[in-house]
Amino acid sequence: MRLPSPPHAARFRAWAVTRLLPKRVRMRLTLLYGSLFVVSGAVLLTITYLLVSRFNGVFFFSREQSGPPTDDGAHMYTDGGASAALKGIAEARRQQAMRQHEMEMNRLLIESGVALAIMSVIAIGLGWFVAGRVLRPLRTMTSTIQRISAHNVHERLAAEGPPDELKDLADTVDGLLGRLEGALDSHKRFVANAAHELRTPLTVEHALLEESLIDRDATVESFRSNFERLLVLSEQQARLLESLLTLSSSERGLDRREPLELGELAGKAVLGCRERAERRGLRVDSAVGAAGTWGDSALVERLVANLLDNAIGYNEPDGWVKLVTRVEGERAVVRVANSGHRVPPDRVGRLFEPFQRLDRTAGDGHHGLGLSIVRSIATAHGATLNAHARPRGGLVVEVAFPLRTARRPQDRQQNGGQHRAQAAPVTIAGDSASG
């Protein structure tokens, strides 16, 4: 069993790595290229040295003739038939050959070492040059990214070249910049619309207060009327701030998940809005079925309430609203349909953006945040949202939550990995299917 290293040893290794390794990637690549060349060259020279150093022995050959050997002839002797004189000569020749072979091997080793040293210097220089060429696109991307800010986020790297890893990196950064640009534009529109929505009632409040102060003939009834209007404006601002807080909390994600029943939450929402619908002459029908899921019950109840509020607020006299909860496959679905004025199919998607509504009527109590809150809550729960305009007028909105199973979502995440699951994308269909 491997014992864990003490903390001071780990800190020392981290310090050593931080201090000894070069700071620049180009220098690291150069050292890597040079080290690989030196190691490869050393291994190659070692293998060559071992192969050349093998000594195969010395052989003497002679031309066959009778009588003793002379200078113009030579005999080939075997170990068994060699004379003592020839054995001495052979031994001397063998010793001389071995010394010569050893000298050649020493010379080969020295010359190979010198050649390796020279080529190592050349390899380090070439490694520095090649590393610079390889990192040149990265330096270009770095300088471009450092130059991009909120004022010129529209700029892109637009890297050219073969579809390699660097091109993929540049395209990924361009995609990220595109998403950031869209988020910044959306944030700017949101701030501008929120400022407009808050500035309008403040302007009216200031006018009412100024009118009460400068009117010397003001009566109690006029003061009471102005105060009632101020109270209405204050309530509208309170609802707006509450909607903004709900939108912010839903976009942040869920802190906890609990088992909930869509049918029960939908039934409570229908009871809460029925009186208002009756005052407007609307008929509310509900077909509530069992549909269990996991999530935040307060946010899901707010989602259903906003769908009903939108269906009632943007309806027509003697209209209707229908709410259905049911199970479809592996989804728990809540569906709200309503009659009303005809909605252009190409504008359905815009209704789910903050402060977007078809008819901007002052004082109607709507700020265009209801459906955007619905979308944020659906995204936080990993739900799928579909909406389409009815051909005869009105809207159909359907939110499909993941069906509740025996195990909690946290348990499934622990069994399948420690990463946090991403919310399912919210899709909005702008078709004209009948509802």
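Quantities reported herein were computed from a predicted structural model and do not represent experimental measurements. Each chain has its residues counted from 1, running along the sequence as written. Local features in this predicted model are restricted to residues of pLDDT 70 or higher, and side-chain atom pairs are both shown and tallied only at a pLDDT of 80 or more, whereas totals for entire chains, interfaces and linings draw on every residue. Water and hydrogen atoms were dropped before computing side-chain values, which therefore reflect all heavy atoms in the structure.

Trainee: Now, about the overall build of the protein: what can you tell me, with residues and values included?
Mentor: Under the DSSP-based scheme used, a helix requires at least four consecutive residues in state H or I and a strand at least two consecutive residues in state E, with every element numbered from the N terminus. From N to C terminus, the protein includes nine helices and seven strands. Partly exposed describes any residue whose relative accessible area lies between the buried limit of under 20% and the exposed limit of over 50%, with all areas from a 1.4 Å probe on protein chains only and scaled to the type maximum. Every one of the 435 residues in the protein was classed for burial, and the buried ones make up 30%. Every residue pair with non-hydrogen atoms within 4.5 Å of one another is taken to be in contact. Summarising the internal contacts of the protein: among those between residues at least 6 apart in sequence, 73% fall at separations of at least 24. The method behind every accessible area is Shrake-Rupley, applied with a 1.4 Å probe, and residues are considered shielded solely by the protein chains displayed. Of the roughly 28200 Å² of accessible surface on the protein, a fraction of 58% belongs to carbon and sulfur atoms.

Trainee: Describe the side chain of N226, naming the residues involved and giving the relevant values.
Mentor: In this structure, N226 sits in helix α5 (residues 220-252). Its relative accessible area of 7% is what places N226 among the buried residues. With residues near it in sequence (within four places) discarded, N226 still touches L208, E211 and S212.

Trainee: Got a sec to walk through the pairing of strand β7 (residues 395-402)? Specific residues and values, please.
Mentor: Within a regular strand, the side chains alternate between the two sheet faces. With seven of its eight residues buried, β7 lies for the most part within the structure. Here a strand pair is declared whenever DSSP counts at least two bridges between the two strands. Two elements, strand β5 (residues 331-338) and β7, share eight bridges in a ladder whose sense is antiparallel. When the sheet's bridge partners are listed, N338 is paired in β7 with L395. Pairing geometry for strand β6 (residues 384-389) and β7, over six bridges, is antiparallel. Bridging across to β7, H388 finds its partner in V396.

Trainee: An account of empty space enclosed by the protein is needed here, citing residue identities and associated values.
Mentor: In this analysis, the protein atoms alone were mapped onto a 1 Å grid. Cavities are point sets where a 1.4 Å probe fits without being able to get out; pockets are open sets with protein on both sides within 12 Å along at least five of seven lines; lining residues have an atom within 4 Å of a point. Grid points are joined across faces, edges and corners, and a volume is the space filled by probe spheres set on the points. Scanning all chains against the criterion turns up one cavity of 30 Å³ or more. Within this model, the largest cavity holds a volume of roughly 30 Å³. Taken together, L307, N310, A311, V336, N338, L395 and V397 make up the lining of the largest cavity. Contributing elements (two or more residues each) for the lining of the largest cavity: α7 (297-313), β5 and β7.

Trainee: Could you give me a rundown of the sheet that holds β6, with the residues and numbers involved?
Mentor: If you trace the five strands from one edge of the open sheet to the other, you get β2-β4-β5-β7-β6, paired in mixed fashion. This sheet does not close on itself; its edge strands, each paired only once, are β2 (283-288) and β6. Between one strand axis and the next, the sheet turns by 10 degrees as a mean value, whatever way the strands run. Simply put, an axis is a line fit to the C-alpha atoms, just over the touching stretch for a helix, and the angle between two N-to-C directions goes from 0 to 180 degrees.

Trainee: Go over the packing of helix α6 (residues 262-279) against α7, please, and point to the residues and values.
Mentor: In the contact formed by α6 and α7, the axes pass within 9 Å of each other and the chain directions differ by 35 degrees. Seen from above, α6 lies across α7 with right-handed handedness. Between α6 and α7, the contacting residues are L262, L265, A266, K268, A269, V270, C273, R276 and A277 on the first element and S297, V300, E301, V304, A305, L308, D309, I312 and G313 on the second. Left-handed is the label given to a crossing in which the near helix is rotated counterclockwise from the far helix by less than a right angle, and right-handed is the label when the rotation is clockwise.

Trainee: Can you lay out the packing of aromatic side chains for me, pointing to particular residues and giving the numbers?
Mentor: By convention here, two paired aromatic rings are described through the distance between centres and the angle between planes. Any pair of Phe, Tyr and Trp rings, taking the six-membered ring for Trp, is counted once the centres come within 6.5 Å. Such a pair is stacked with planes under 30 degrees apart, edge-to-face with planes over 60 apart, and tilted for the rest. Using the criterion set out here, one finds one aromatic pair in the structure. Plain terms: the ring middles of F223 and F227 are 6.1 Å apart, the flat faces sit at 40 degrees to each other, and that makes the pair tilted. On the criterion of helical spacing, the pair formed by F223 and F227 is a turn pair, its members being four residues apart in helix α5. Under the relative-accessibility criterion, F223 is labelled partly exposed at 31%. On the accessibility criterion, F227 (48% relative accessible area) is partly exposed.

Trainee: Tell me about a nonpolar patch on the surface, residues and numbers included.
Mentor: Only residues whose relative accessible area exceeds 30% and that form no salt bridge enter a patch; like-charged residues are grouped when within 9 Å of one another, and nonpolar side chains (Val, Leu, Ile, Met, Phe, Trp, Tyr) when within 5 Å. Take a side-chain nitrogen of Lys or Arg and a carboxyl oxygen of Asp or Glu: if they are within 4 Å of each other, that pair is a salt bridge. Together, I110, V114, I118, M119, I122 and L126 make up a nonpolar patch on the protein surface, roughly 560 Å² of accessible area in all. Following the sequence through the fold, V114 ends up in helix α3 (residues 84-147).

Trainee: Tell me what's going on with helix α8 (residues 370-380), and back it up with residues and numbers.
Mentor: The buried fraction of α8 amounts to eight of the eleven residues, a majority that puts the element mostly inside the structure. Every buried residue of α8 is accounted for by L371, S372, I373, V374, S376, I377, A378 and A380. Just downstream of α8 lies G382, where phi reads positive at about 70 degrees.

Trainee: Can you explain the nonpolar core? Please cite residues and give values.
Mentor: L303, V304, L307, L308, F352, V399 and F401 are the most contacted members of the largest nonpolar core, which totals 45 residues. Residue assignment for this core shows that the elements contributing at least two residues are α6, α7, β4 (320-328), β5, α8, β6 and β7. Excluding residues that lie within four positions of it along the chain, L307 makes contacts with V336, L371, V374, V397 and V399. In this description, a nonpolar core means a group of buried Ala, Val, Leu, Ile, Met, Phe, Trp, Tyr and Cys residues linked to one another through side-chain atoms lying within 4.5 Å. I148, V153, L157 and A170 belong to the second largest nonpolar core, which has seven residues in total.

Trainee: Tell me about the environment of R257, and please be specific about residues and values.
Mentor: Here R257 lies in the loop between α5 and β1 (258-261). The partly exposed category is assigned to R257, whose relative accessible area is 24%. Placed 36 residues apart in sequence, R257 and T293 show a C-alpha to C-alpha distance of 9.5 Å.

Trainee: Hey, could you go over the pairing of β4 for me, with residue numbers and the actual values?
Mentor: Where β2 meets β4, six bridges bridge the pair, whose relative direction is parallel. Looking across to β4, one finds that A287 is bridged to V324. Pairing geometry for β4 and β5, over eight bridges, is antiparallel. Within the sheet, the bridge partner assigned to V321 lies in β5 and is N338.

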